[in-house]
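Coordinate analysis (summary)
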Amino acid sequence: DNNDGLEITMKLYDYKTKKLLLEYEYQPKYEEDYDYKSVTYFDSINKHHFDDFNFDGFKDFTLYEYGSMPMTSGTAIYLFNNKTKTFNYSEELSDNIIEEIDSVKQILKTSSWNMEYHFEKKHHFDRKGKIKFTEDFTYPNDTAIVHYKKIINDKIVEQRTETIKE
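Residues numbered from 1 in each chain as written. Predicted model: local features only at pLDDT ≥ 70, side-chain atom pairs only at ≥ 80, totals over all residues. Heavy atoms only, no water.

So, about the layout of surface pockets. Empty space within the largest pocket amounts to approximately 440 Å³. Surrounding the largest pocket, 17 residues form its lining, Asn 54, Asp 56, Lys 128, Gly 129 and Lys 130 being those nearest its centre. A per-element tally of the lining of the largest pocket places strand β5 (residues 74–81) first, with three residues. The residue inventory of the lining of the largest pocket, partitioned by class, reads six nonpolar, six polar and five charged. (1 Å grid on protein atoms, 1.4 Å probe; cavity = no way out; pocket = protein on both sides within 12 Å on 5 of 7 lines; lining within 4 Å. Points joined across faces, edges and corners; volume = space filled by probe spheres on them. Helix = DSSP H or I, 4+ residues; strand = E, 2+ residues; numbered from the N terminus. Nonpolar A, V, L, I, M, F, W, Y, C, P; charged D, E, K, R; others polar.)

Here we take up the sheet that holds strand β4 (residues 60–65). Read across the open sheet, the four strands follow the order β3-β4-β5-β6; overall the sheet is antiparallel. The sheet terminates laterally at β3 (50–51) and β6 (86–89), the two strands that pair on one side only. Alignment of β4 against β5, held across five bridges, turns out to be antiparallel. Counterpart to Glu 65 in the pairing with β5 is Gly 74. (Pairing = 2+ DSSP bridges.)

Attention now moves to the sheet that holds strand β11 (residues 145–152). With respect to topology, six strands assemble into an open sheet ordered β7-β8-β9-β10-β11-β12, the strand pairing being antiparallel. Two strands bound the open sheet, and with one partner strand each, they are β7 (97–102) and β12 (155–163). In this sheet, neighbouring strand axes are inclined to one another by 15° on average, regardless of whether the strands run parallel or antiparallel. Note that β11 and β12 share eight bridges and pair antiparallel. Directly across from His 147, in β12, lies its bridge partner Thr 161. (Axes fitted to C-alpha atoms, helices over the stretch in contact; angles between N-to-C directions.)

In this section: the pairing of strand β10 (residues 131–140). Here β10 lies mainly inside the structure; seven of its ten residues are buried. Taken together, strand β9 (residues 117–125) and the strand that follows it, β10, pair antiparallel across an intervening segment of five residues, in which Gly 129 is found at a positive phi of about 90°. If you look at the hairpin formed by β10 and β11, you'll find four residues sitting between the two strands, and Asp 142 has a positive phi there, around 65°. (Buried < 20%, exposed > 50% of the residue type's maximum accessible area, 1.4 Å probe, protein only.)

Moving on, we come to the nonpolar core. Counting 14 residues, the largest nonpolar core has Met 10, Tyr 24, Phe 61, Leu 63, Tyr 78 and Phe 87 as its most contacted members. Put simply, the parts of the chain that give this core at least two residues each are β1 (8–13), β2 (20–26), β4 and β5. If you tally residues by element for this core, the top one is β2, at four residues. Residue contacts for Phe 61: discarding those within four places in its chain leaves Met 10, Leu 22, His 49, Phe 50, Phe 53, Ala 76, Ile 77, Tyr 78 and Phe 87. Counting residues in hydrophobic clusters, the runner-up holds seven residues, among them Phe 53, Phe 55, Leu 79 and Leu 93. (Core = buried A, V, L, I, M, F, W, Y, C linked by side-chain atoms within 4.5 Å. Contact = heavy atoms within 4.5 Å.)

This part covers the pattern of salt bridges. Pairing is possible between side chains of opposite charge, provided their charged atoms come close. On inspection of all chains with the given rule, the structure shows three salt bridges. Note that Lys 109 is salt-bridged to Glu 120, the shortest N-O span being 3.9 Å. In this pair, Lys 109 is assigned in strand β8 (residues 107–113) and Glu 120 in strand β9, connecting sequence segments eleven residues apart. Glu 158 is the salt-bridge partner of Arg 160, the closest N and O atoms lying 2.3 Å from each other. By relative accessible area, which is 33% here, Arg 160 ends up partly exposed. By relative accessible area, Glu 158 is classed as partly exposed at 33%. Several salt bridges converge on common partners, so that one network encompasses Glu 158, Arg 160 and Glu 162. (Salt bridge = Lys/Arg side-chain N within 4 Å of Asp/Glu carboxyl O.)

Note that every value here comes from positions in space, so none of it alone points to a role or purpose.
Structure below.
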């Protein structure tokens, strides 16, 4: 038994060309999530790690990384690049938690928090998988206030602070 826990190197290959699309070293918190002897192992991997996060028609890859506590944990998102046929890490989309994937409205909602604030982001995409704009909500803890920003091409185009009505 390994006292340091399970260590996994995930390698994703194109089954036709054998080209390496993604390599990721990972130490999962719960070893039972990776029972590679299970007959449903690959179905489980597909269900939990692949989705179209930027709504471009291609499955992207995600991995939840456990930190020492929930606020230091994170969800890493790797977008599939159809031109290079590889997965590229998206710092812009990766966050603590993926709250919602709305494929009808093409919105990816993520959130994170720290000791003072709760943060939410709503990334709005076009049909080609590019971000049209991002809505950024910051909720100071223990207040009924929200700070809002609308961001287009890394520029704040709208900003306001509101009181939340109960």
